[in-house]
Amino acid sequence: MALFDISERAQQYQSDLLEFMDSHVYPSEDVYDEQMREAGDPHFHPPILEDLKTEARKRGLWNLFHPHPEWGPGLTNLEYAPLAEIMGHSHLASEACNCSAPDTGNMEVLTLFGTDEHKERYLKPLLDGKIRSAFAMTEPAVASSDATNVEMSMVRDGDDYVLNGRKWFASNGMHRNCKVLIVMGKTDPDAAPHRQQSMMVVPIDAAGITVRRNLSVFGYQDREGHAEIDFEDVRVPSKDVLKGEGEGFAISQARLGPGRIHHCMRAIGMAERALELLCRRAESRVTFGKPISANANIRDWIAESRIDIEMIRLLTMKAAYLMDTVGNKAARTEIAAIKVAAPNIALKIVDRAIQVHGGGGVTDDFPLAMAWAHLRTLRLADGPDEVHKRAIASQELRKYREATPK
């Protein structure tokens, strides 16, 4: 479609990234698995990842997500979206290209709202791939799908704020190179509901911070981890408040729009990889005297999967286009829609591929079980499906409430 024409520069990035995937990323998956097994530590940082990062940087496939030319290639959401899909084919690619969540969102926040000191101390090392970061918002004691429920107290005391509370699912919090947290909490319980929260930059080794445990995800101990973290009288200088007191929600909106494009396109990449594995397995395995692919239900699955992928890709590209041209607020319905549709569709396709693989599909001999766990989790991350559906329905109903009766 002419509407979604991609610049020649962005097309070249796609070509270069596809070649990198074929020549380096896919061949490294078995090496990664072997290094992790030999280490016997779920949070081990395997050397193959550093090799891939070096190669990606040498090829100019580095910080592709960053929309600000001062810090990255300056691609639009529409231009970056196909690159996120390509990286979604392998669990190694995003980190190899320094495009992993939550670092991508945190780097954008530090770019937009960080001080010169934040940029020097944290943003530059993040952009260099030397450190990692985590985002601490979700809390175990409240329904964090409604962020106004966040209870962590951030009390002003002279030139500092004192933080008390517990966070969990701080993704990346167990990574060996995680050095900094962006933390959301409540600075003014008496303010308007969306002005009570603030975000602060907090070193993960600050006094009073205790990383209690890593949370498993469907039994998986992700290498980056999902940390449960206690904050007990953690003192944070007022200069480390991002944008200003009460700006937590505004920062969230700036952070989450592009992040949802990234998540959804990576999910489409997972769906494409699953469909490829499904087709190859169905062609190579024989049951009851004929290839599995000869069965009508399998052919239905393949056809429906292709249709579903094409539909969700177009919807996601539309959302990216609208974000670039009319802004995140005007694209909020499309952004919410893709966050519901992409993980659900990808999950359905991965499930079909698991079924075709039989017992092998639920093992780690194939990337399907891990993809299923990740995608099922994505239906909760950055807001559960129900929150996004609620927002979409509200937008639809508003049209008719505001319409003049005929």
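The shown structure was predicted, so the numbers you read here are calculated from the model rather than taken from an experiment.

Got a minute to help me understand the overall build of the chain in this structure?
Looking only at helices and strands, the chain features 11 helices and 9 strands. Over its C-alpha trace the chain gives a radius of gyration of 22 Å, about what one expects of a compact globule, namely 22 Å for 406 residues. The dimensions of the chain, computed from C-alpha atoms along their principal axes, are 80 × 70 × 45 Å. Counting all 406 residues of the chain, 53% fall into the buried class. Nonlocal contacts in the chain, meaning residues at least 24 apart in sequence, comprise 74% of its contacts between residues at least 6 apart. With an accessible surface of roughly 18,700 Å², the chain has 52% of that area assigned to carbon and sulfur atoms. Put simply, the chain has 49 plus and 59 minus side-chain charges, and the middle of one group is 4 Å from the middle of the other.

Honestly, the packing of helix 8 (residues 296–325) against helix 9 (residues 332–357) in this entry has me stumped. Any pointers?
Pairs of packed helices are described in terms of their axes, by the angle between the two and the distance that separates them. Relative orientation of the contacting elements helix 8 and helix 9 amounts to 155 degrees, with a least axis distance of 9 Å. As summarised for this structure, helix 8 and helix 9 are arranged roughly antiparallel, according to the angle between their axes. For the element pair helix 8 and helix 9, the recorded crossing hand is left-handed. Class assignment for the residues of the contact of helix 8 with helix 9 results in 16 nonpolar, 3 polar and 6 charged.

Looking at this structure, I do not really get a positive patch on the surface. What am I missing?
A surface patch of like charges, here positive, comprises Lys329, Arg332, Arg398 and Arg401. By the element assignment, Arg398 lies in helix 11 (residues 385–402).

How should I be thinking about the UniProt feature "domain: Acyl-CoA oxidase/dehydrogenase middle" (unreviewed entry) in the chain in this particular structure?
The sites that carry the UniProt feature "domain: Acyl-CoA oxidase/dehydrogenase middle" (unreviewed entry) are, in the present numbering, residues 134–234. Across residues 134–234 one finds 0% helix and 50% strand; the C-alpha atoms that close the span lie 17 Å apart.

I'm lost on the UniProt feature "domain: Acyl-CoA dehydrogenase/oxidase C-terminal" (unreviewed entry) in the chain in this one. Help?
Under the local residue numbering, the UniProt record ascribes the feature "domain: Acyl-CoA dehydrogenase/oxidase C-terminal" (unreviewed entry) to residues 246–395. Regarding residues 246–395, the helix share stands at 77% and the strand share at 3%, and the terminal C-alpha atoms are separated by 26 Å.

Quick question: what am I supposed to make of the side chain of Arg273 here?
Its place among the elements puts Arg273 in helix 7 (residues 248–284). Accessibility expressed as a relative area gives 14% for Arg273, which makes it buried. If we skip the residues at most four places from it in the chain, Arg273 touches Tyr26, Glu29, His89, Ser90 and Pro367.

How each quantity is defined
- Residues numbered from 1 in each chain as written.
- Predicted model: local features only at pLDDT ≥ 70, side-chain atom pairs only at ≥ 80, totals over all residues.
- Heavy atoms only, no water.
- Helix = DSSP H or I, 4+ residues; strand = E, 2+ residues; numbered from the N terminus.
- Rg over C-alpha atoms; globule rule 2.2 N^0.38 Å.
- Buried < 20%, exposed > 50% of the residue type's maximum accessible area, 1.4 Å probe, protein only.
- Contact = heavy atoms within 4.5 Å.
- Areas by Shrake-Rupley, 256 points an atom, 1.4 Å probe, with all protein chains shown as cover.
- Lys, Arg positive; Asp, Glu negative; His and termini not counted.
- Charge placed at Lys NZ, Arg CZ, Asp CG, Glu CD.
- Axes fitted to C-alpha atoms, helices over the stretch in contact; angles between N-to-C directions.
- Parallel < 35°, antiparallel > 145°, perpendicular 65-115°, else oblique.
- Left-handed = near helix turned anticlockwise from the far one by under 90°.
- Nonpolar A, V, L, I, M, F, W, Y, C, P; charged D, E, K, R; others polar.
- Patch = residues over 30% accessible without salt bridge, like charges linked within 9 Å, V, L, I, M, F, W, Y side chains within 5 Å.
- Salt bridge = Lys/Arg side-chain N within 4 Å of Asp/Glu carboxyl O.
- UniProt positions renumbered as here; feature names shortened; annotations may be inferred.

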